[in-house]
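Here's the letter readout for the chains.
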Amino acid sequence: MRKDDADLAGKVALVTGSSRGIGRAIALRLGAAGAKVAGTATTEQGAQAISDFFSSNGIDGVGLVLDVTSSQSVDSALQAVTERFGSPLILVNNAGITRDNLFVRMREVDWDQVINTNLSSAYRMARACVRSMTRSQWGRIINISSVVGSMGNAGQVNYAAAKAGMEGLTRALARELGGRQVTVNAVAPGFIDTDMTRALPEKTRAQILETIPLGRLGQADEIAAVVAFLAGRSGGYITGETLHVNGGMFMS
Ligand code: NAI
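Since this is a predicted model, take the numbers as computed values, not measurements.

Student: With reference to specific residues and values, describe the pairing of strand β1 (residues 12-15).
Tutor: By the alternation rule, side chains of β1 split into Val-12 and Leu-14 and Ala-13 and Val-15, which are all buried. As a crossover connection, the stretch from β1 through helix α2 (residues 21-32) into strand β2 (residues 36-41) is right-handed. Here β1 runs beside strand β4 (residues 90-93); their pairing, made up of 3 bridges, is parallel. What sits directly across from Val-15, in β4, is Val-92.

Here it is, written out as C-alpha cells:
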C-alpha cells in the first residue's frame with residue numbers, strides 16, 4: 001500500500017463496540033493509519049481499558065461509554081468525542097449482539113434487542129454524525145454486517161434480518177449522501193475468531209469450518225484491513241457496496 005493510501009492523519013474516527021474483537025482491531029488499524037480514534041465500551045471500566053490500550057499502542061485515542069440503543073447515550077458520546085478531537089468524519093458501526101434461537105422459540109424481546117442493537121443503532125449513529133460529514137464534504141460510514149445477512153442462518157432470523165437491513169440502509173444512505181462526498185459501505189465478515197464465535201459449541205465450529213474454502217476462521221485484523229481500505233484514499237470511489245470477507249463461504 002502506498003503511504004498516502006493509508007494516511008488518515010487529521011481524521012477523527014468513531015468505532016462503536018471496540019472493547020474487544022473486530023471493533024478493537026478496527027480501532028487499532030485506523031489509529032495506526034494516523035486517525036484520532038474514539039472507541040466505545042458499554043461500561044466506564046471498559047472505556048478506561050480502551051484508553052489504556054490505545055496509549056500502550058501509541059494511538060491518539062480515547063475510550064468512551066456508549067450504549068448504541070440509547071439516543072441520549074449516542075448524543076453524549078458524540079459530544080465527548082467532538083470536544084476532545086473534533087467531529088468524527090469516519091464512523092464505524094461495529095457494535096452488535098446475537099440472541100440466537102430457532103424461530104419458533106424466539107422471544108419477541110430477543111428479536112427487538114437484536115434489531116435495536118444491530119440495526120437501529122446504525123440509523124442513530126449515522127444521524128448523529130452525518131451533519132458534520134456533509135458540512136465537511138467528506139465522510140465515511142462503514143457498517144459491519146455479516147455473511148448471514150446474505151445467506152441466512154438457522155437460529156438467527158433476528159440477526160440475519162438486522163444485518164440484511166443494515167445493508168439496505170447502506171445502499172439508500174449512499175445514494176442520499178454521495179453528492180456530499182460521503183461514502184457509505186458495509187463490510188460483511190464470515191466467521192471470525194472472536195468471543196462471539198468462541199461462544200459457539202465445538203461441533204458447530206467444526207461444521208462451519210467445512211463450509212469455508214480457505215479452511216479456517218478469519219482474524220479480526222483481516223476485517224480491520226478492509227475497513228481501513230474503505231476509510232482511506234484507495235476506497236474513495238466505492239459507495240453503497242457490501243464487501244464480503246469470508247474465506248469463500250459465500251460468493252456473491
Ligand atoms: P464481540 O461480541 O466480541 O464484540 C461486540 C462489541 O459490541 C463489544 O465491544 C460490545 O461491548 C459491543 N456492544 C454490544 N452491545 C452494545 C450496545 N448496546 N452499545 C454499544 N456497544 C455494544 O463481537 P465481534 O465478534 O467482535 O463482532 C463485532 C461485529 O462484527 C458485530 O456487529 C457482529 O455482528 C459482526 N460480525 C462478527 C462475526 C464473527 O464471526 N465474530 C461475523 C460477522 C459479523
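Student: Summarise the site of the ligand; cite the residues concerned and give the values.
Tutor: Around the ligand, 29 residues are found, and the nearest of them are Ser-19, Asn-94, Tyr-159, Ile-192 and Thr-194. Separating an oxygen atom of the ligand from a backbone N or O atom of Asn-94 is a distance of 2.7 Å. Take Tyr-159: an N or O atom from its side chain is 2.5 Å from an oxygen atom of the ligand. For the shell around the ligand, the elements supplying multiple residues, two or more each, are α2, α7 (157-177) and α8 (195-198).

Student: Which residues make up the packing of α2 against helix α10 (residues 220-231), and what values do they have?
Tutor: Running from amino to carboxyl end, α2 crosses α10 at an angle of 45°, the nearest separation of the two axes being 8 Å. When the axes of α2 and α10 are compared, the pair comes out oblique. Read as a crossing pair, α2 and α10 show a hand that is right-handed. Only Ala-220, Asp-221, Ile-223, Ala-224, Ala-225, Val-227, Ala-228 and Ala-231 of α10 make contact with α2, whose side of the interface consists of Gly-21, Ile-22, Ala-25, Ile-26, Arg-29 and Leu-30. Here the residues of the contact of α2 with α10 sort into 11 nonpolar, 1 polar and 2 charged.

Student: Quick one: what's the story with a nonpolar patch on the surface, residue by residue and with numbers?
Tutor: On the surface, a nonpolar cluster with roughly 520 Å² of combined accessible area is contributed by Leu-102, Phe-103, Val-104, Trp-111 and Val-157. Note on placement: Leu-102 falls in the loop between β4 and α5 (108-136).

Student: Can you explain the sheet that holds β4? Please cite residues and give values.
Tutor: The sheet built from 7 strands is open, its strands ordered β3-β2-β1-β4-β5-β6-β7 with parallel pairing. Edge positions in the sheet fall to β3 (61-65) and β7 (242-245), since each has one partner strand and no second. The sheet shows a mean angle of 20° between the axes of neighbouring strands, direction not considered. Against the sheet, α2 makes contact with β1, β2, β4, β5 (139-144) and β6 (182-189), and its axis sits at roughly 175° relative to β1, the strand it touches most. In the packing of helix α4 (residues 71-85) onto the sheet, the strands contacted are β1, β2 and β3, and the crossing angle to β3 comes to about 160°.

Student: Summarise the packing of aromatic side chains; cite the residues concerned and give the values.
Tutor: If you walk through the whole model with that rule in mind, you get 0 aromatic pairs. Geometry around Trp-138 places Lys-11 over its ring, the cationic atom sitting 4.4 Å from the centre.

Student: Outline the side chain of Thr-16, listing residues and values.
Tutor: Its location among the elements puts Thr-16 in the loop between β1 and α2. Within the local environment of Thr-16, its side chain forms a polar contact with the backbone nitrogen of Ala-95, the two atoms lying 2.9 Å apart. Beyond its immediate stretch of four places on either side in the chain, Thr-16 contacts Thr-40, Leu-66, Val-68, Val-92, Asn-93, Asn-94, Ala-95 and Met-125.

Student: Give me the pattern of salt bridges: which residues, what numbers.
Tutor: Per the counting criterion, the structure on display carries 7 salt bridges. Asp-60 is the partner of Lys-36 in a salt bridge, and the nearest nitrogen-oxygen pair spans 3.0 Å. Placement of Lys-36 in strand β2 and of Asp-60 in the loop between α3 (44-56) and β3 is noted, with a sequence separation of 24 residues between them. Look at Asp-60 and you get partly exposed, because its relative accessible area is 38%. The salt bridge involving Glu-222 is made with Arg-216; its shortest N-O contact spans 2.8 Å. We classify Glu-222 as partly exposed; its relative accessible area is 32%. Shared partners join several salt bridges into a network, and the residues in it are Arg-20, Asp-193, Asp-195 and Arg-198.

Rules used throughout
- Residues numbered from 1 in each chain as written.
- Predicted model: local features only at pLDDT ≥ 70, side-chain atom pairs only at ≥ 80, totals over all residues.
- Heavy atoms only, no water.
- Buried < 20%, exposed > 50% of the residue type's maximum accessible area, 1.4 Å probe, protein only.
- Helix = DSSP H or I, 4+ residues; strand = E, 2+ residues; numbered from the N terminus.
- Right-handed = clockwise from strand over helix to strand, strands pointing away.
- Pairing = 2+ DSSP bridges.
- Near = heavy atom within 4 Å.
- Polar contact = N/O pair within 3.5 Å; in protein donor to acceptor, adjacent residues only side chain to side chain.
- Axes fitted to C-alpha atoms, helices over the stretch in contact; angles between N-to-C directions.
- Parallel < 35°, antiparallel > 145°, perpendicular 65-115°, else oblique.
- Left-handed = near helix turned anticlockwise from the far one by under 90°.
- Contact = heavy atoms within 4.5 Å.
- Nonpolar A, V, L, I, M, F, W, Y, C, P; charged D, E, K, R; others polar.
- Patch = residues over 30% accessible without salt bridge, like charges linked within 9 Å, V, L, I, M, F, W, Y side chains within 5 Å.
- Areas by Shrake-Rupley, 256 points an atom, 1.4 Å probe, with all protein chains shown as cover.
- Salt bridge = Lys/Arg side-chain N within 4 Å of Asp/Glu carboxyl O.
- Phe/Tyr/Trp six-rings, centres within 6.5 Å; stacked < 30°, edge-to-face > 60°.
- Lys NZ or Arg CZ within 6 Å of the ring centre and 35° of its normal.

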